[in-house]
Amino acid sequence: APAPPPARHLFSDPAEVEALRGNLLAWYDRCKRDLPWRALAATELDADRRGYAVWVSEIMLQQTQVATVIDYYNRWMQKWPTLQALAQASLEEVNELWAGLGYYSRGKRLQEAARKVVSELGGRMPRTAEELQKLLPGVGRYTAGAIASISYGQATGVVDGNVIRVLCRLRCIGADSSSPAVIEQLWDMANVLVDSSRPGDFNQALMELGATVCVPKAPVCGECPVKQHCQAWRRKLFGKPPSVPDVEDCGVGDCPLCPPATEPWDSSLGVTNFPRKAVKKPPRVMRTATCVLERSGCHGAPEYLIVQRPSSGLLAGLWEFPSLPLAQDLQEEKEREELADHLQAWMGQPVAAKGLQFIGEVTHIFSHIHQTYVVYFLHLDGDVTLDPALSPSRWVTEDEFHASAVSTAMKKV
């Protein structure tokens, strides 16, 4: 069995825990940002509507900046103010509103879960983190803890990217912060720290601290309300007295939370020595040929063909210009030929590769894919009958295109 972490990495002093809670909550009351989901959760909503309001915000905020989410959240809650309203919406409507937020499966699972609450749970939201995680698709450990603590007052901790950074600095945790063992230890810490009388506020305060003060690259330590409890800040401020055992030396190589001996404390980095992360795998490099097919509409305005992606996988269910993944290092002539064959299958008539006008290349970075779209253009004269056996497709004007459930990458194209 691995060695247990020494007490100096943990929050083992009840008096310190109480002081940290008080300082953090007092700071939060003074400095918290005015965000629409906080305002909504603070109103006299019934428990289910409060839980739904928090739930939507937490799903939208996963891997997305707060500033980006605000407008989407306001439009979502205006359109679907209750679980029941969302359950009656179509997936097409959900994708249209979600377009541009990224990670589109989040919106799809949110609606699936809303339908489950209405059809199987009598419209009643689960009230505990355990039930939320067990019963609602797309709700993981963090989201369940956030909803349960903020909406229903359950004294349960939360661990997201901001909390990981704050806790790793508070306790000089230098082991790989993405490893299961370290993550489990951080959850234990979060559950020890959470304030039982104000669990939702405490969890939001911890996340707010990481988002606004204890930020990744330029933390504002002078404004931190809990700096006196921070091992990393003390180490930066006072250095390392040689005669006093330091947290960095606590395990002499076998402490599960210390930095590896090959990556010692770098005094030039200060508190940003923590957290330590494993080296990310480089994103996959992909190339896709995309053709913007144009025809003259019945009123003279140009129309463009869009087709629907499969119901699973990347950008599931969204609409795009006809596209075809390409092998790497393919010559342009061969790219044109393959794209022409692909378009011919859609239109049921020959497409001359030489007729495809090369427009340029568009790069879009997904979380794990570096995608390059090789964009071509083709104007069609006369009517075209599309094969109904293929994926759903439709002709749209430019305005209709932007109102459809299309990805940010297709808008770039």
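Residues numbered from 1 in each chain as written. Predicted model: local features only at pLDDT ≥ 70, side-chain atom pairs only at ≥ 80, totals over all residues. Heavy atoms only, no water.

Taking an unreviewed UniProt entry as the reference, the protein is identified by name as Adenine DNA glycosylase belonging to Helopsaltes ochotensis. Taken verbatim from the UniProt record of the protein, the Catalytic activity (unreviewed entry) comment is "Hydrolyzes free adenine bases from 7,8-dihydro-8-oxoguanine:adenine mismatched double-stranded DNA, leaving an apurinic site." According to UniProt, the comment filed for the protein under the heading Sequence similarities (unreviewed entry) is "Belongs to the Nth/MutY family." (UniProt positions renumbered as here; feature names shortened; annotations may be inferred.)

A. Main features of the overall build of the protein. What the protein contains, in helices and strands, is 16 helices and seven strands. Taking the principal axes of the C-alpha coordinates as reference, the protein spans close to 85 × 50 × 40 Å. A burial count over the protein gives 49% of its 413 residues as buried. Once local pairs closer than 6 in sequence are excluded, the contacts in the protein between residues at least 24 apart make up 68%. (Helix = DSSP H or I, 4+ residues; strand = E, 2+ residues; numbered from the N terminus. Buried < 20%, exposed > 50% of the residue type's maximum accessible area, 1.4 Å probe, protein only. Contact = heavy atoms within 4.5 Å.)

B. Local environment of unusual backbone geometry. Cis rather than trans, the peptide bond between Phe274 and Pro275 has omega equal to -5 degrees. For Pro275, the location among the structural elements is in the loop between α13 (231-238) and β1 (284-296). A positive phi angle is found at Cys172, which is not glycine, with a value near 45 degrees. As for its placement among the helices and strands, Cys172 is situated in the loop between α10 (161-170) and α11 (180-193). A relative accessible area of 0% means that Cys172 is categorised as buried.

C. Just the domain arrangement of the protein, in detail. Per the domain assignment, the segments of the protein are domain 1 (8-273) and domain 2 (284-403). In total, domain 1 and domain 2 occlude about 550 Å² of area from one another, counting both sides; carbon and sulfur atoms represent 47% of this. It is Glu92, Asn95 and Tyr104 in domain 1 that bury the most area against domain 2; as a group they hold 62% of the surface buried on that side. Glu92 serves as the salt-bridge partner of Arg394, at 3.8 Å between the closest nitrogen and oxygen. Summed over the shared surface of domain 1 and domain 2, the number is one residue pair in polar contact (both at pLDDT 80 or more). In terms of residues, the side of domain 1 that touches domain 2 owes the most to one element, helix α6 (residues 91-98), which gives three residues. Its residues assigned to classes, the side of domain 1 that touches domain 2 comprises two nonpolar, one polar and three charged. (Domains from an automatic or database assignment. Buried area = accessible area lost by both parts, 1.4 Å probe. Salt bridge = Lys/Arg side-chain N within 4 Å of Asp/Glu carboxyl O. Polar contact = N/O pair within 3.5 Å; in protein donor to acceptor, adjacent residues only side chain to side chain. Nonpolar A, V, L, I, M, F, W, Y, C, P; charged D, E, K, R; others polar.)

D. Representation of helix α7 (residues 105-120) within the structure. Over its 16 residues, α7 runs 22 Å from end to end, which matches the ideal 22 Å to within 8%, given 1.5 Å per residue. Within α7, the full set of buried residues consists of Arg106, Gly107, Leu110, Gln111, Ala113, Ala114 and Val117. When α7 is viewed along its axis, its buried side chains cluster within an angular range of 160 degrees and face the same direction. The exposed residues of α7 that point more than 90 degrees off its buried face are Ser119 and Glu120. (Expected span 1.5 Å × (residues − 1). Arc of directions from axis to C-beta.)

E. Focus on the UniProt feature "domain: HhH-GPD" (unreviewed entry) in the protein. UniProt feature "domain: HhH-GPD" (unreviewed entry): in the numbering of this structure it lies at residues 60-212. In residues 60-212, helix accounts for 67% and strand for 0%; the two terminal C-alpha atoms are 19 Å from one another.

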